[in-house]
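Residues per chain are reported as follows:
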Amino acid sequence: MATMRDIRRRIRSIKNTQQITKAMQMVAAAKLRKVQDRVVASRPYATKLREVLGRLVLQVPPGEYHPLLAERLGGRSAYVVVTGDRGLCGAYNANVIRLAERELTAAGPEAVVLAVGRKGRDYFRRQKYPLLRTYVDLGDDPSFPQARELARELMALFLEQAFDHLYLVYTQFLSPVRQQPQVVPLLPIRRPTGAEKAVEYIFEPRPPLLFQSLLPRYVEVQVYQMLLEAKASEHGARMTAMEAATDNAEEMIKRLTLS
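Just so it is clear, the structure is predicted and the values come from calculations on it, not from any experiment.

Calculation rules
- Residues numbered from 1 in each chain as written.
- Predicted model: local features only at pLDDT ≥ 70, side-chain atom pairs only at ≥ 80, totals over all residues.
- Heavy atoms only, no water.
- Helix = DSSP H or I, 4+ residues; strand = E, 2+ residues; numbered from the N terminus.
- Buried < 20%, exposed > 50% of the residue type's maximum accessible area, 1.4 Å probe, protein only.
- Pairing = 2+ DSSP bridges.
- Axes fitted to C-alpha atoms, helices over the stretch in contact; angles between N-to-C directions.
- Contact = heavy atoms within 4.5 Å.
- Patch = residues over 30% accessible without salt bridge, like charges linked within 9 Å, V, L, I, M, F, W, Y side chains within 5 Å.
- Areas by Shrake-Rupley, 256 points an atom, 1.4 Å probe, with all protein chains shown as cover.
- Salt bridge = Lys/Arg side-chain N within 4 Å of Asp/Glu carboxyl O.
- Lys, Arg positive; Asp, Glu negative; His and termini not counted.
- Charge placed at Lys NZ, Arg CZ, Asp CG, Glu CD.
- Core = buried A, V, L, I, M, F, W, Y, C linked by side-chain atoms within 4.5 Å.
- Right-handed = clockwise from strand over helix to strand, strands pointing away.
- Parallel < 35°, antiparallel > 145°, perpendicular 65-115°, else oblique.
- Left-handed = near helix turned anticlockwise from the far one by under 90°.
- Nonpolar A, V, L, I, M, F, W, Y, C, P; charged D, E, K, R; others polar.

1. Quick look at unusual backbone geometry
The linkage connecting L187 with the following residue, P188, adopts the cis geometry, with an omega of -5°. Along the chain, P188 falls in the loop between β5 (178-187) and α5 (207-258). Notably, L88 is not glycine yet its phi reads approximately 55°, a positive angle. Mapped onto the secondary structure, L88 falls in the loop between β1 (77-82) and α2 (92-107). By relative accessible area, which is 57% here, L88 ends up exposed.

What follows is the structure in structure tokens.
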């Protein structure tokens, strides 16, 4: 049976841990507020760019298509899997890795991974998945230059036919306590269907010149939005996990004090 001294030592230890989890919760909350504002601000631009681009693509003759629009039958799929560089964020990393594994299994043995974040990189390396590229240490506040550099490398790999289809696997930020892993196709840029066909545009300059600047910009914006959504989700998951750890520590301290 534990002595009074053992119980007091245990209480001191839990209080020290509680101070750490409380500090981590506050830091994650501060980082989340900063990134969340940028997520909300960037969504309308990314959505409208996607809509306008889809309407333009529908009216362009096939002979004037850009290479980023080239559909390739079958071929090799690649998945950009975005995880965190650190843990202590609940099931955030595990959920997105689990979704990526399902997609990789369905895509077949030729599918490759482009891992963004240490947790994903280490996991897929241990499990012997083919890693085409790895990107780590992007920081807690992704910038547009970082997204642009990543997007340009992805476009270069697609044009070099390192893969034929590219998908983004990341966590969409819904609220500080709710995040949803999802898979979004990125390359080739797909033609939309439906009511958007009714919108007509007069092109100036001609579609090849217009797409030369518009399509890379579209890919850059989508990658930037992906990084922001993933980072906000990570901060939210870490804040929630540390809040739960702090509350659990408080309950343990109460029980030990009563003992």
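2. Quick word on the sheet that holds β5
Strand order in the open sheet formed by five strands is β3-β2-β1-β4-β5, with mixed pairing between adjacent strands. Every other strand in the sheet has two partners, leaving β3 (131-135) and β5 as the edge strands with one partner each. Each adjacent strand pair in this sheet contributes to an overall mean axis angle of 20°, direction not counted. Pairing of β1 with strand β2 (residues 112-116) involves five bridges; the strand directions are parallel. Looking at the pairing, V82 lines up with V116 of β2. Sheet strands touched by α2: β1, β2, β4 (165-175) and β5. Its angle to β1, the strand with the most contacts, is close to 175°.

3. With respect to the side chain of E229
As for its position among the elements, E229 is in helix α5. According to the relative accessible area criterion, E229 is buried, its value standing at 4%. E229 has contacts with V39, R43, Y170, T171, Q172 and F173, leaving out every residue within four places of it along the chain.

4. So, a negative patch on the surface
Together, E243, D247, E250 and E251 line one region of the surface with negative charge. Relative to the elements of secondary structure, E251 occurs in helix α5. With relative accessibility at 41%, the residue E251 sits in the partly exposed group.

5. Considering the environment of L168
Position of L168 relative to the elements: it lies in strand β4. Note: C-alpha distance between L168 and D37 (131 residues apart in sequence) is 22 Å.

6. Quick look at the pattern of salt bridges
A side chain with one charge may pair with a side chain of the opposite charge, provided their charged atoms come close. Scanning the entire structure with this criterion turns up 14 salt bridges. Between E153 and R133 there is a salt bridge, with the nearest N and O atoms lying 2.8 Å from each other. Separated by 20 residues along the polypeptide, E153 in helix α4 (residues 144-159) and R133 in strand β3 bring together distant segments of the chain. According to the relative accessible area criterion, E153 is partly exposed, its value standing at 28%. Two residues, R152 and E220, come together in a salt bridge whose shortest N-O distance is 3.4 Å. In this pair, R152 is assigned in helix α4 and E220 in helix α5, connecting sequence segments 68 residues apart.

7. A short note on the nonpolar core
Within soluble globular proteins, side chains that are nonpolar generally end up buried alongside one another. V80, L166, L187, I189, V219, V223 and M226 are the most contacted members of the largest nonpolar core, which totals 53 residues. Within the residue set of this core, elements represented by two or more residues are α1 (4-58), β1, β2, α4, β4, β5 and α5. Per-element tally for this core: the top contributor is α5, with 15 residues. Leave out the neighbours within four places in its chain, and V80 touches L114, V116, L154, L166, Y167, L168, V169 and M226. Core analysis: the second largest hydrophobic core is formed by 14 residues, V96, A115, Y167 and V169 among them.

8. Comments concerning the pairing of β1
The buried fraction of β1 amounts to six of the six residues, a majority that puts the element mostly inside the structure. Burial along β1 is two-sided: the residues S77, Y79 and V81 and A78, V80 and V82 are all buried. Tracing the backbone out of β1, into α2 and back to the parallel element β2 gives a crossover that is right-handed.

9. Examining the packing of α2 against helix α3 (residues 118-126)
Contact geometry of α2 with α3 gives a least axis separation of 10 Å together with a crossing angle of 45°. Comparing their axes, α3 and α2 come out oblique. Crossing handedness for the pair α2 and α3: right-handed. Across from N93, I97, A100, E101 and L104 in α2, the residues of α3 making contact are K119, G120, Y123 and F124. Here the residues of the contact of α2 with α3 sort into five nonpolar, two polar and two charged.

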